[in-house]
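Summary of structural features
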Amino acid sequence: MRHVIDVRGLRHQYPDGTQALNGVDFHLNAGECVAVLGGNGSGKTTFVLHLNGLLEGEGSVEVCGMRVVKDRLAEIRAKVGIVFQDSDEQLFMPTVLEDVAFGPSNMGLTPKQAFERAQRMLERVGMDGALHKAPYHLSAGEKRRVAIAGVLAMEPEILILDEPTTFLDPPGQRDLVKLLASLPQAKLLVTHDTDFARALATRAVFFERGVVVGEGSVDAIVERFNWDSRLWVSPRSA
């Protein structure tokens, strides 16, 4: 199976001295969906920000056979699309259509080509009825779909989603699961929502103190680290 991400010995220290990553080894296969689990501050987000060069650390990071280095960042970022936890961070143009066309325009497509691609991606995520709406008029679930469309418009091989169920109600979460399941890209899901992870991921890794300390099926990792997001309340004794 071809690895689209291959990470070896990745370390990262922030300027304040915080050691966020302590030697991460990880791989992602083409078409695979992996859940990235672990506590707050365990290194999950720091890790994924290395995968398209937003952060730089020590060790080896390869994406689609390319080393993640400064002179290849444009190529790397065309391969890896990140959907951030807060969709408002990614939506900034006056209309939905213009927002999704922004990335392709910066890749060198003509305005006509960029808008045609944007419209196709919005149709793909079920948001073609909102082409001329302002993004701030959309619901949280609609914003998430538009943000995903903006990433898909760059035609990446890999999708990274950071806490994708944040702000979504249960119908919105179900719709997101259906959408992501229909996409062919390899996916990394950084999430605390173990039900969401179970619905999509074939494998999970668990971060603790900046390293991957467990790997296996979602159910196996949830059980091993007592990480179920569901709350169980025992009936009161009579």
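Refer to the structure above for everything that follows.
First things first, this report covers the structure right here in the doc. Given the structure is predicted, the values throughout are model-derived calculations rather than measurements. (Residues numbered from 1 in each chain as written. Predicted model: local features only at pLDDT ≥ 70, side-chain atom pairs only at ≥ 80, totals over all residues. Heavy atoms only, no water.)

**Here we look at the sheet that holds strand 4 (residues 58-63)**
Filter applied, for reference: By definition, two strands form a pair when at least two bridges between them are found by DSSP. A helix here means a DSSP run of H or I that spans at least four residues, while a strand means a run of E at least two residues long, and both kinds are numbered starting from the N terminus.
Here we have four strands laid out as an open sheet, ordered 2-1-4-5, and antiparallel in their pairing. The strands lining the two open edges of the sheet, one partner per strand, are strand 2 (19-29) and strand 5 (66-67). One ladder, built from eight bridges, connects strand 1 (residues 3-13) with strand 2; its direction is antiparallel. Bridging across to strand 2, Arg11 finds its partner in Asn22.

**Some words on helix 6 (residues 170-181)**
Two residues of an α-helix separated by three or four positions point the same way, owing to the 3.6 residues in each turn. Keep this limit in mind: To estimate the expected span of a helix, count its residues, drop one, and scale the result by 1.5 Å. The contact rule is simple, with two residues in contact once any of their heavy atoms fall within 4.5 Å. Here a polar contact is taken to be a pair of N or O atoms separated by no more than 3.5 Å, where protein atoms must pair a possible hydrogen donor with a possible acceptor and residues adjacent in sequence count only if both atoms sit in side chains.
For helix 6, with 12 residues, the first-to-last C-alpha span of 17 Å sits near the 16 Å given by 1.5 Å per residue. Of the surrounding secondary structure, the elements contacted by the buried residues of helix 6 are helix 4 (111-124), helix 5 (140-152), strand 7 (158-162), strand 8 (186-190) and helix 7 (194-200). For helix 6, the side-chain oxygen to backbone nitrogen distance between the N-cap and Gly172 is 2.8 Å, and the N-cap itself is Asp169.

**Re the pairing of strand 8**
The following threshold applies: Buried, partly exposed and exposed residues are distinguished by accessible area as a fraction of the type maximum, computed with a 1.4 Å probe on protein chains only: under 20%, between the cut-offs, and over 50%, respectively. Place the viewer so that the strands point away; then a crossover is right-handed whenever the path from the first strand over the helix to the second strand goes clockwise.
Of all five residues in strand 8, five are buried, a share of seventy percent or more. Judged by which residues are buried, strand 8 turns out to be covered on both faces: Ala186, Leu188 and Val190 on one side and Lys187 and Leu189 on the other are all buried. Two strands pair when backbone bridges link them, and strand 3 (residues 33-38) and strand 8 are joined in this way by four bridges, in the parallel orientation. Paired with Cys33 across the bridge in strand 8 is Lys187. Inspection of the sheet shows strand 7 paired to strand 8 by five bridges, in the parallel sense. Along strand 8, the bridge assignment pairs Leu159 with Lys187. For the handedness criterion, the β-α-β arrangement of strand 7, helix 6 and strand 8 is classed as right-handed.

**Quick word on the packing of aromatic side chains**
Two aromatic rings, taken as a pair, are described by how far apart their centres are and by the angle between their planes. We count it as follows: Any two of the Phe, Tyr and Trp rings considered here, Trp counted by its six-membered ring, make a pair once their centres fall within 6.5 Å; the pair's planes then place it as stacked at under 30 degrees, edge-to-face at over 60, or tilted in between.
For the structure on display, the rule yields five aromatic pairs. With a centroid separation of 5.5 Å and an interplanar angle of 80 degrees, the aromatic rings of Phe26 and Phe47 are classed as edge-to-face. With Phe26 in strand 2 and Phe47 in helix 1 (residues 44-49), this pair connects stretches of sequence that are 21 residues apart. Note on accessibility: Phe26 and Phe47 belong to one class, buried. Both rings, one in Phe92 and one in Phe102, keep their centres 5.0 Å apart while their planes meet at 85 degrees; by these two values the pair is edge-to-face. Taken together, the residues Phe92 in the loop between strand 6 (80-83) and helix 3 (96-106) and Phe102 in helix 3 connect sequence positions 10 residues apart. Here the aromatic residues Phe26, Phe47 and Phe207 are joined through ring pairs into a cluster of three or more.

**A word on the side chain of Glu32**
Its location among the elements puts Glu32 in the loop between strand 2 and strand 3. Filtering out sequence-adjacent residues up to four positions away, Glu32 remains in contact with Ala186, Lys187, Thr202 and Arg203.

**A word on the sheet that holds strand 8**
Strand pairing in a sheet takes place through backbone hydrogen bonds and is either antiparallel or parallel in direction. The line we're drawing: In this analysis, axes come from line fits to C-alpha atoms, helices being fitted only over the stretch in contact, and the angle between any two N-to-C directions falls in the range 0 to 180 degrees.
In spatial order, the strands read 6-7-8-3-9-10; together these six strands make up an open sheet with mixed pairing. Only two strands of the sheet have a single neighbouring strand rather than two, namely strand 6 and strand 10 (211-216). When strand polarity is set aside, the average angle formed by the axes of neighbouring strands in this sheet is 20 degrees. In this structure, strand 9 (residues 203-208) lies alongside strand 10, joined through five bridges in antiparallel fashion. Among the inter-strand pairings, Val205 is bridged to a residue of strand 10, identified as Glu215. Strands strand 6 and strand 7 of the sheet are contacted by helix 5, whose axis makes an angle of about 165 degrees with strand 6.

**Points about the pattern of salt bridges**
Our working rule: What counts as a salt bridge is simple: a side-chain nitrogen of Lys or Arg found within 4 Å of a carboxyl oxygen of Asp or Glu.
In the structure shown here, the tally under the stated rule is 12 salt bridges. Residue Glu32 pairs with Arg203 through a salt bridge whose shortest N-O separation is 2.8 Å. Highlighted residues: Glu32 in the loop between strand 2 and strand 3 and Arg203 in strand 9, separated in sequence by 171 residues. Across the pair, Arg203 and Glu32 agree in class, each one buried. For Glu157, the salt bridge goes to Lys79, with nearest N and O atoms at 3.0 Å. Separated by 78 residues along the polypeptide, Glu157 in the loop between helix 5 and strand 7 and Lys79 in helix 2 (residues 73-79) bring together distant segments of the chain. It is possible to trace a salt-bridge network through shared partners that takes in Asp195, Arg198, Asp219 and Asp228.

**Some thoughts on the packing of helix 5 against helix 6**
This is how the line gets drawn: Angles are sorted into four bins: roughly parallel if under 35 degrees, roughly antiparallel if over 145, roughly perpendicular if 65 to 115, and oblique for all others. Handedness of a crossing is defined here by the sense of rotation of the near helix relative to the far one, left-handed for an anticlockwise turn of less than a right angle and right-handed for a clockwise turn. Classification used: nonpolar for Ala, Val, Leu, Ile, Met, Phe, Trp, Tyr, Cys and Pro, charged for Asp, Glu, Lys and Arg, polar for all others including Gly.
Where helix 5 contacts helix 6, the axes come no closer than 11 Å and their chain directions differ by 15 degrees. Considered as vectors, helix 5 and helix 6 are oriented roughly parallel to each other. In this structure, the crossing between helix 5 and helix 6 has a hand that is right-handed. Residue-level contacts link Arg144, Arg145 and Ile148 of helix 5 to Asp175, Leu176, Leu179 and Leu180 of helix 6. Residues belonging to the contact of helix 5 with helix 6 are distributed by class as follows: four nonpolar, no polar and three charged.

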